[in-house]
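Fold and contact review
The primary structure of each chain is shown beneath.
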Amino acid sequence: MTTLTGTQARTLTGYVLRLLEYPRWFIGREVDFTDCRFAGRYQLGETQCAHCRFGPACRWLNLHRDEPTAATPLPELVDALQTAATYLRTESPSTSCHPRRCDCDTCLWLHEAGAFLRAQRHKT
Ligand SMILES: [Zn+2]
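Attention here is on the structure that accompanies the text. (Residues numbered from 1 in each chain as written. Predicted model: local features only at pLDDT ≥ 70, side-chain atom pairs only at ≥ 80, totals over all residues. Heavy atoms only, no water.)

Taking 1.5 Å per residue as the helical rise, helix α5 (residues 74–91) with its 18 residues ought to reach 26 Å, and the 25 Å between its terminal C-alpha atoms agrees with that figure. All buried positions along α5 are accounted for by Leu 77, Val 78, Ala 80, Leu 81, Ala 84, Ala 85, Tyr 87 and Leu 88. Looking at the buried positions of α5, the neighbouring elements they touch are α2 (12–30), α4 (55–63) and α6 (105–123). (Helix = DSSP H or I, 4+ residues; strand = E, 2+ residues; numbered from the N terminus. Expected span 1.5 Å × (residues − 1). Buried < 20%, exposed > 50% of the residue type's maximum accessible area, 1.4 Å probe, protein only. Contact = heavy atoms within 4.5 Å.)

Printed below as a string of structure tokens:
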């Protein structure tokens, strides 16, 4: 895990980078490539990938395989965050049945990421 310096953590980019650490870990842990004949490399347009139960998670991981840095453009980071939040909220098999009021790590993360994304939208 990357440790951010104090300066970076106080910038918007540093904040988003920190927020992205959780879904990278979570999605990476959730996807199981044991039976994947592409060894976890998402194939765009491949029916098998489109119908795979790990499809959306695998796609996200492949898009964001390289760990983002402070040099990654902010819109790109926000976009990655948005996709991860949507995935965790609606598509992840392990988070689909949480109660409305739940204080597990995932729900707390979704709450924080959601608040940040809403604030971003109001700025543009
Ligand atoms: Zn929860």
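After that view, the rundown keeps rolling.
What follows deals with the coordination of the zinc ion. Protein coordination at the zinc ion: the donors are His 98 (ND1), Cys 102 (SG), Cys 104 (SG) and Cys 107 (SG), at 1.8 to 2.4 Å from the metal. Here the donor residues of the zinc ion are spaced in sequence according to H-x3-C-x1-C-x2-C. (Donors = N, O, S within 2.8 Å, 3.2 Å for Na, K, Ca; no water.)

Let us now look at unusual backbone geometry. The phi torsion at Ala 39 lies on the positive side, around 55°, for a residue other than glycine. Relative to the helices and strands, Ala 39 resides in the loop between α2 and α3 (47–51). Note on Ala 39: relative accessible area 62%, which makes it exposed.

Before going further, it helps to examine the packing of α2 against α6. Close contact between α2 and α6 brings their axes to 11 Å; oriented N to C, the two are set at 140°. Between α2 and α6 the crossing geometry is left-handed. Within the contact between the two elements, α2 uses Leu 12, Tyr 15, Val 16, Arg 18, Leu 19, Tyr 22, Pro 23 and Phe 26 and α6 uses Asp 105, Thr 106, Trp 109, Glu 112, Ala 113, Phe 116, Gln 120 and Lys 123. Within the contact of α2 with α6, the residues separate by chemical class into ten nonpolar, two polar and four charged. (Axes fitted to C-alpha atoms, helices over the stretch in contact; angles between N-to-C directions. Left-handed = near helix turned anticlockwise from the far one by under 90°. Nonpolar A, V, L, I, M, F, W, Y, C, P; charged D, E, K, R; others polar.)

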